[in-house]
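What the coordinates show
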Amino acid sequence: MVRRRGTYQIKIRDKQLICLFCQNDQFQHREVYMDLSPLGETVTDQLTLQSFYCTSCGDIRMFQEKNRFDHTLQKHVSIIEYTEVTKE
């Protein structure tokens, strides 16, 4: 498991992630790896999920890391954008 240090505001496909329970918009991050083994078959793939932990109420949201094609940049970019929240 990998964890980004700090607190983040997250956008998924250009939409701000908001906690469903407390309406907070600040999250901590963990990257979770899961081995796939459907119905006993041997699968060598691993599912990578980005886990976001609400800093206010503790609710956890998970999203699969995917890419989309950005026509402006002419390359594939992640659907997840991280903006670190600085404490003053």
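Up top you'll find the structure we're talking about.
Worth saying up front: this structure is predicted, and the values here are computed from it rather than measured.

Criteria and cut-off values
- Residues numbered from 1 in each chain as written.
- Predicted model: local features only at pLDDT ≥ 70, side-chain atom pairs only at ≥ 80, totals over all residues.
- Heavy atoms only, no water.
- Helix = DSSP H or I, 4+ residues; strand = E, 2+ residues; numbered from the N terminus.
- Buried < 20%, exposed > 50% of the residue type's maximum accessible area, 1.4 Å probe, protein only.
- Pairing = 2+ DSSP bridges.
- Salt bridge = Lys/Arg side-chain N within 4 Å of Asp/Glu carboxyl O.
- Patch = residues over 30% accessible without salt bridge, like charges linked within 9 Å, V, L, I, M, F, W, Y side chains within 5 Å.
- Areas by Shrake-Rupley, 256 points an atom, 1.4 Å probe, with all protein chains shown as cover.

**Regarding unusual backbone geometry**
Trans is the prevailing form of peptide bonds, just as negative phi is the prevailing case for residues other than glycine. Positive phi outside glycine occurs at Arg 13, with the angle close to 50°. Along the chain, Arg 13 turns up in the loop between strand S1 (8-12) and strand S2 (15-16). Relative accessible area serves as the criterion here: at 48%, Arg 13 is assigned to the partly exposed category. Even without being glycine, Gln 74 reaches a positive phi, approximately 60°. In this fold, Gln 74 is placed in the loop between strand S6 (67-70) and strand S7 (75-78).

**Details of the pairing of strand S5 (residues 60-64)**
Pairing analysis gives five bridges linking strand S4 (residues 46-54) to S5, with the strands arranged antiparallel. Residue Phe 52 lies in a different strand from S5, and its bridge partner there is Arg 61.

**A closer look at the pattern of salt bridges**
Applying the stated criterion across every chain yields a total of one salt bridge. Put simply, Asp 14 and Arg 68 hold a salt bridge, and the shortest N to O gap is 3.8 Å. Here Asp 14 is found in the loop between S1 and S2, whereas its partner Arg 68 is found in strand S6, with 54 residues between them in sequence. On the basis of relative accessibility, which here comes to 23%, the residue Arg 68 falls in the partly exposed class.

**Here's the deal with a nonpolar patch on the surface**
A contiguous nonpolar surface patch, about 280 Å² in accessible area, is contributed by Tyr 53, Ile 60 and Met 62. Looking at the secondary structure, you find Tyr 53 in strand S4.

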